[in-house]
Amino acid sequence: MTEFNKLCKKFEEMDALQYSAILAKKSAKVLPVLSEIGGSKADGVRIFAQYVLGAIAADGRLSEEEYLIVYPLLHAFFGEELDYETCKSAIRFLKPESKELNNVLNDMIDMFGLFDEDLKDDLIIICMLICAIDGKITPKEKNWLKELIA
């Protein structure tokens, strides 16, 4: 088993407390750095959201667990109540093979060149955590993560 698959398995087996603690810690560390790179707090949040939404859309579906994790971010961006069904419908338009998702992925890869190794590692962990929140990192999610890492 490759190191990547071992890491995926580790994230899939985490309990909710471990998951939440790591996600909170990594997010708190990443946001100020992205804000500095982006030039403002709003730009840092926008960059961070791109990675979070990319991880959610990687398999072309939105689980309730993913929705609950990103709800505060969606609410902050759109300033209104977005229910699970509305978000699930929107994610369906971002299929893993879609042009829109490929454009987001390409932008994310381009941005990665600006980041130091610690920031890259933290963002990958955040994306892996989001992909694993429903207990399984699907083959589509693994392929998306591998493209991001490459």
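Now for a description of the structure that goes with this document. The model shown is predicted, which means the values in this text are computed figures rather than measured ones.

Taken as a whole, helix α1 (residues 3-12) has its buried residues at Phe 4, Cys 8, Phe 11 and Glu 12. Along the axis of α1, the buried positions cluster into a sector of 100 degrees, meaning they face one direction only. Opposite the buried face of α1, by more than 90 degrees, sit the exposed residues Glu 3 and Lys 10.

Moving on: the nonpolar core. Note on soluble globular proteins: their nonpolar side chains tend to be buried together. Within the largest apolar cluster, 36 residues are counted, with the highest numbers of intra-cluster contacts made by Leu 34, Tyr 51, Phe 115, Leu 123, Trp 144, Leu 145 and Leu 148. Those elements giving two or more residues to this core turn out to be α1, α2 (16-38), α3 (41-57), α6 (99-112), α7 (117-132) and α8 (139-149).

Let's shift gears to a nonpolar patch on the surface. Together, Val 33, Ile 37 and Leu 114 give the surface a local cluster of nonpolar side chains, amounting to about 250 Å² of exposed area. Relative to the elements of secondary structure, Val 33 occurs in helix α2.

Next up on the list: the side chain of Lys 142. When you line up the elements, Lys 142 lands in helix α8. Buried charged residue Lys 142 carries no salt bridge. Nearest counter-charge: Glu 12, at 4.9 Å. Every residue in contact with Lys 142, bar those within four places of it in the chain, is listed here: Phe 4, Asn 5, Cys 8 and Ile 137.

A few words on the packing of α3 against α8. In contact at an axis separation of 9 Å, α3 and α8 are set at 145 degrees when each is read in the N-to-C sense. For the pair formed by α3 and α8, the contact residues are Tyr 51, Gly 54 and Ala 55 on the first element and Glu 141, Trp 144 and Leu 148 on the second. Taken together, the residues that form the contact of α3 with α8 break down as 4 nonpolar, 1 polar and 1 charged.

Here we come to the pattern of salt bridges. One pass over the structure, following the stated rule, counts 6 salt bridges. Lys 26 is paired through a salt bridge with Asp 122; the nearest N and O atoms lie 2.8 Å apart. In this pair, Lys 26 sits in helix α2 while Asp 122 sits in helix α7, placing the two residues 96 residues apart along the sequence. The residues Lys 26 and Asp 122 share a single accessibility class, namely buried. Among the salt bridges present, the one from Lys 120 reaches Glu 117, with a minimum N-O distance of 3.4 Å. A residue pair is termed a helical-turn pair when its members lie 3 or 4 positions apart in one helix, as Lys 120 and Glu 117 do in helix α7 at 3 residues. Taken together, the shared-partner salt bridges in this structure form one network comprising Lys 26, Lys 29 and Asp 122.

Here is what the cut-offs are and how they apply
- Residues numbered from 1 in each chain as written.
- Predicted model: local features only at pLDDT ≥ 70, side-chain atom pairs only at ≥ 80, totals over all residues.
- Heavy atoms only, no water.
- Buried < 20%, exposed > 50% of the residue type's maximum accessible area, 1.4 Å probe, protein only.
- Helix = DSSP H or I, 4+ residues; strand = E, 2+ residues; numbered from the N terminus.
- Arc of directions from axis to C-beta.
- Core = buried A, V, L, I, M, F, W, Y, C linked by side-chain atoms within 4.5 Å.
- Patch = residues over 30% accessible without salt bridge, like charges linked within 9 Å, V, L, I, M, F, W, Y side chains within 5 Å.
- Areas by Shrake-Rupley, 256 points an atom, 1.4 Å probe, with all protein chains shown as cover.
- Salt bridge = Lys/Arg side-chain N within 4 Å of Asp/Glu carboxyl O.
- Lys, Arg positive; Asp, Glu negative; His and termini not counted.
- Contact = heavy atoms within 4.5 Å.
- Axes fitted to C-alpha atoms, helices over the stretch in contact; angles between N-to-C directions.
- Nonpolar A, V, L, I, M, F, W, Y, C, P; charged D, E, K, R; others polar.

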